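# Topology and contacts: notes
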Amino acid sequence: MHPIRRKRIITIAIIVLVLSGAIGLVLYALQQNINLFYTPTQIASGEAPKGVNIRAGGMVVKGSVKRDSNTLFVSFNVTDFKRIVHIEYHGILPDLFREGQGIVAQGKLLPNGTFLASQVLAKHDEKYMPPDVANALKQAKGNTPSKPYNDN
């Protein structure tokens, strides 16, 4: 093989290896930061992974919000009008959070089926609903909520 051709092949091979490594690292980093959205029905059916950061959303069930008077602990149920998921949160809820409104919670699904939220987002005006929640509610239109999901 001609020395110039060999040098070009080696250079191209090194460039391909470096680019492959860089692309692999970028994909790995992005995979760690992806938060997929799951509806209460998907969570209850076992589609949502446990112990991984995900987003869950729906309508806050009326009469389900329970606050601890001594701490910032809040628990409530969220529904997509098919199933209900119990959410627990330690922190200050957004001012617009209330029963009967759409929310999106980010956090982890515990092995017992409870969703432990690290962040709760509420809609910002009367007409807005998070797109993921709106789509989930459209798909579940007309169904009544069942009992809260519990994996036990």
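Residues numbered from 1 in each chain as written. Predicted model: local features only at pLDDT ≥ 70, side-chain atom pairs only at ≥ 80, totals over all residues. Heavy atoms only, no water.

## Examining the overall build of the chain
Counting secondary structure elements, the chain contains three helices and seven strands. Taking all contacts inside the chain whose residues are at least 6 apart in sequence as the whole, residues at least 24 apart take part in 57%. Carbon and sulfur atoms provide 58% of the accessible area of the chain, an area that totals close to 9,900 Å². (Helix = DSSP H or I, 4+ residues; strand = E, 2+ residues; numbered from the N terminus. Contact = heavy atoms within 4.5 Å. Areas by Shrake-Rupley, 256 points an atom, 1.4 Å probe, with all protein chains shown as cover.)

## Describing the UniProt feature "transmembrane region" (unreviewed entry) in the chain
According to UniProt, the feature "transmembrane region" (unreviewed entry) maps to residues 9-30 in the numbering used here. Between the C-alpha atoms that bound residues 9-30 there is a distance of 31 Å. The span itself is 100% helix and 0% strand. (UniProt positions renumbered as here; feature names shortened; annotations may be inferred.)

## Here we look at the layout of surface pockets
When its volume is computed, the largest pocket comes out at roughly 180 Å³. The wall of the largest pocket is formed by twelve residues, among which T39, Q42, N135, A136 and Q139 lie closest to the centre. Going through the elements one at a time, α2 (40-44) and α3 (131-139) are the ones with two or more residues in the lining of the largest pocket. When residues in the lining of the largest pocket are grouped by element, the largest group, four residues, is from α3. The residue inventory of the lining of the largest pocket, partitioned by class, reads three nonpolar, five polar and four charged. (1 Å grid on protein atoms, 1.4 Å probe; cavity = no way out; pocket = protein on both sides within 12 Å on 5 of 7 lines; lining within 4 Å. Points joined across faces, edges and corners; volume = space filled by probe spheres on them. Nonpolar A, V, L, I, M, F, W, Y, C, P; charged D, E, K, R; others polar.)

## Digging into the side chain of D80
Note that D80 resides in the loop between β4 (73-79) and β5 (84-90). Buried D80, no salt bridge; nearest opposite-charge side chain is K82, N-O distance 6.4 Å. Within polar-contact distance, the side chain of D80 engages the backbone nitrogen of K82 at 3.0 Å. One polar contact links the side chain of D80 to the main-chain amide nitrogen of R83, over a distance of 3.0 Å. (Buried < 20%, exposed > 50% of the residue type's maximum accessible area, 1.4 Å probe, protein only. Lys, Arg positive; Asp, Glu negative; His and termini not counted. Salt bridge = Lys/Arg side-chain N within 4 Å of Asp/Glu carboxyl O. Polar contact = N/O pair within 3.5 Å; in protein donor to acceptor, adjacent residues only side chain to side chain.)

## Brief notes about the nonpolar core
Counting 21 residues, the largest nonpolar core has F76, I87, F97, I103, F115 and V120 as the members making the most contacts within it. At the level of elements, β2 (53-60), β4, β5, β6 (102-109) and β7 (115-122) are the ones that each hand at least two residues to this core. Ignoring anything within four residues of it in the chain, the contact list for F97 reads V60, V65, R67, F76, I103, V120 and A122. Listed in part, the six residues of the second largest apolar core include F37, V104, V133 and L137. (Core = buried A, V, L, I, M, F, W, Y, C linked by side-chain atoms within 4.5 Å.)

## Observations concerning α3
Within α3, the full set of buried residues consists of V133, A136 and L137. End-on view of α3: buried residues confined to an arc of 95 degrees, all on one side of the axis. Among the exposed residues of α3, those oriented more than 90 degrees off its buried face are K138 and Q139. Buried residues along α3 sit in contact with β1 (37-38), β2, β4 and β6. (Arc of directions from axis to C-beta.)

## Considerations on the side chain of T79
In this fold, T79 is placed in strand β4. For T79, the side chain forms a polar contact with the main-chain oxygen of R83, separated by 2.9 Å.

## Some remarks on unusual backbone geometry
Non-glycine residue F81 carries a positive phi angle of around 75 degrees. Here F81 lies in the loop between β4 and β5. Judged by relative accessible area, which is 31%, F81 ranks as partly exposed.

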